[in-house]
Amino acid sequence: MIRVALPTAASAIPRSISTSVGESISKNQEEEIKRVWRKADAVCFDVDSTVCQDEGIDELAAYLGVGEAVANVTRTAMNGNARFRYREALAARLQVMKPNHEQLEHFVNITKPKLTVGIRELIGRLHARGTHVYLVSGGFRRLILPVAELLGIDKSRIYANEILFDKQGNYHGFDTSELTSDSGSKETGKPAVIALLKRKYQYKTVVMVGDGATDAEAAPPADAFIGFGGNVVREGVKARAKWYVTDFDVLRKDLEHDDSDDE
């Protein structure tokens, strides 16, 4: 008797078919995010390594002469460590830096924001469509104000952290009442900012765009998260993003797409 080995259920499925099904699911998810992007009432952008090419906190630290020490903490923060507490890391970075008011102002006055290629055009297009644009950052408001000015974004649409000084202008901590001063839950950080915007302005569709773990955790309540890797690619964030881009022109050009073509 000749015994013929019959394929098991798993081995009977051609590998190419299994792969194509996975790719199809991924493509469908990306298309859904694109549809949300096109109808957004408001778009929230991260600032460091997204709207700007660099990390503002690291640049300030370098100016203060403590760049490497602060950069080590920042890397831990942005790699999506499950045990990471943003407020603790922010406190640790500032404790190393301890900028006084005069140093902060001098740094801002001598530093020109390094805008990411294509961000001016993208935000200009969003504004032309009537979409409200926000800058939502775990960085410092004083460093972000010049960025907002260059991009035509009102300062009231900045959500970021505030460094505190005493009467002599010495470093005196930071404002822990700011939503962006912590992360790791829906009650703090970028999720809380987006929830606030939805309650306050009755936005139906809000999109978060950014490069870091704190951006990815914003959806929900954000209706979509778009990962951005034009300045730095963080693999953990890329894996969580249903739509991941490395060029802002991709987002701008997609706004011209007519969803009726898909019907």
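Residues numbered from 1 in each chain as written. Predicted model: local features only at pLDDT ≥ 70, side-chain atom pairs only at ≥ 80, totals over all residues. Heavy atoms only, no water.

**A closer look at the packing of helix H6 (residues 101-110) against helix H8 (residues 141-151)**
Right, so step 1: The contact between H6 and H8 brings their axes to 10 Å, and the two run at 20°. With respect to H8, the axis of H6 lies roughly parallel. Classified by chirality, the crossing of H8 by H6 is right-handed. In contact with Leu-104, Glu-105, Phe-107 and Val-108 of H6, H8 contributes Arg-142, Leu-143 and Pro-146.
Right, so step 2: Looking at the contact of H6 with H8, its residues break down into five nonpolar, no polar and two charged. (Axes fitted to C-alpha atoms, helices over the stretch in contact; angles between N-to-C directions. Helix = DSSP H or I, 4+ residues; strand = E, 2+ residues; numbered from the N terminus. Parallel < 35°, antiparallel > 145°, perpendicular 65-115°, else oblique. Left-handed = near helix turned anticlockwise from the far one by under 90°. Contact = heavy atoms within 4.5 Å. Nonpolar A, V, L, I, M, F, W, Y, C, P; charged D, E, K, R; others polar.)

**Examining the nonpolar core**
Right, so step 1: Counting residues in each nonpolar core, the largest one holds 33 residues, and the members touching the most others are Trp-37, Phe-45 and Val-209.
Right, so step 2: Ranked by size, the runner-up nonpolar core spans 18 residues in total, among them Ala-42, Cys-44, Ala-222 and Val-237. (Core = buried A, V, L, I, M, F, W, Y, C linked by side-chain atoms within 4.5 Å. Buried < 20%, exposed > 50% of the residue type's maximum accessible area, 1.4 Å probe, protein only.)

**Some remarks on the pattern of salt bridges**
Right, so step 1: Applying the stated criterion across every chain, the model contains 14 salt bridges.
Right, so step 2: Between Glu-178 and Arg-141 there is a salt bridge, with the nearest N and O atoms lying 3.2 Å from each other. Taken as a pair, Glu-178 in the loop between strand S5 (171-174) and helix H9 (189-201) and Arg-141 in helix H8 lie far apart in primary sequence, 37 residues in all.
Right, so step 3: The buried category is assigned to Glu-178, whose relative accessible area is 18%.
Right, so step 4: Residue Arg-141 is classed as buried on the basis of its relative accessible area, which comes to 17%. (Salt bridge = Lys/Arg side-chain N within 4 Å of Asp/Glu carboxyl O.)

**Some points on the packing of aromatic side chains**
Right, so step 1: Summed over the entire model, instances satisfying the criterion amount to six aromatic pairs.
Right, so step 2: Judged by centre distance (6.2 Å) and plane angle (80°), the ring pair of Phe-45 and Phe-248 falls under edge-to-face. Highlighted residues: Phe-45 in strand S1 (residues 42-45) and Phe-248 in helix H12 (residues 248-254), separated in sequence by 203 residues.
Right, so step 3: By relative accessible area, which is 0% here, Phe-248 ends up buried.
Right, so step 4: Aromatic rings pair up to connect Tyr-134, Tyr-159, Tyr-201 and Tyr-203 into one cluster.
Right, so step 5: Lying across the ring of Tyr-134, Arg-157 places its NZ or CZ 5.5 Å from the centre. (Phe/Tyr/Trp six-rings, centres within 6.5 Å; stacked < 30°, edge-to-face > 60°. Lys NZ or Arg CZ within 6 Å of the ring centre and 35° of its normal.)

**Focus: the sheet that holds strand S7 (residues 224-228)**
Right, so step 1: Sheet architecture is open: six strands sit in the order S3-S2-S1-S6-S7-S8, paired in parallel fashion. In the strand order of this sheet, the two ends are held by strand S3 (158-161) and strand S8 (243-245), each with one partner. The sheet shows a mean angle of 20° between the axes of neighbouring strands, direction not considered.
Right, so step 2: Here strand S2 (residues 132-140) runs beside S3; their pairing, made up of three bridges, is parallel. Of the residues in S3, the one forming a bridge with Phe-140 is Asn-161.
Right, so step 3: In this fold helix H5 (residues 86-97) packs onto S2 and S3, with an angle of close to 60° to the strand it touches most, S2.
Right, so step 4: Sheet strands touched by helix H7 (residues 119-128): S1 and S2. Its angle to S1, the strand with the most contacts, is close to 155°. (Pairing = 2+ DSSP bridges.)

**Concerning the UniProt feature "active site" (unreviewed entry) in the protein**
Right, so step 1: As recorded in UniProt, the feature "active site" (unreviewed entry) lies at Asp-46 and Asp-48.
Right, so step 2: Within the element layout of this structure, Asp-46 appears in the loop between S1 and helix H2 (47-51).
Right, so step 3: Asp-46 has contacts with Val-51, Val-136, Ser-137, Lys-190, Met-208, Val-209, Gly-210, Asp-211 and Asp-215, leaving out every residue within four places of it along the chain.
Right, so step 4: Within the structure, Asp-46 has its side chain in polar contact with the side chain of Lys-190 (distance 3.1 Å). (UniProt positions renumbered as here; feature names shortened; annotations may be inferred. Polar contact = N/O pair within 3.5 Å; in protein donor to acceptor, adjacent residues only side chain to side chain.)

**Here we look at the environment of Val-117**
Right, so step 1: Here Val-117 lies in the loop between H6 and H7.
Right, so step 2: Val-117 gets classed as exposed once you look at its relative accessible area, which sits at 69%.

**Let's talk about unusual backbone geometry**
Right, so step 1: Cis geometry is adopted by the peptide bond preceding Pro-220, which originates at Ala-219 and carries an omega value of -10°.
Right, so step 2: Mapped onto the elements of the fold, Pro-220 is located in the loop between helix H10 (213-216) and S7.
Right, so step 3: Put simply, Pro-220 and Pro-221 share a cis peptide bond, and its omega is 10°.
Right, so step 4: Within the secondary structure, Pro-221 sits in the loop between H10 and S7.
Right, so step 5: Backbone geometry places Ser-49, a non-glycine residue, at a positive phi of 65°.
Right, so step 6: With respect to the helices and strands, Ser-49 occurs in helix H2.
Right, so step 7: For Lys-98, which is not glycine, the phi torsion reads 45° and is therefore positive.
Right, so step 8: For Lys-98, the position within the fold is in the loop between H5 and H6.

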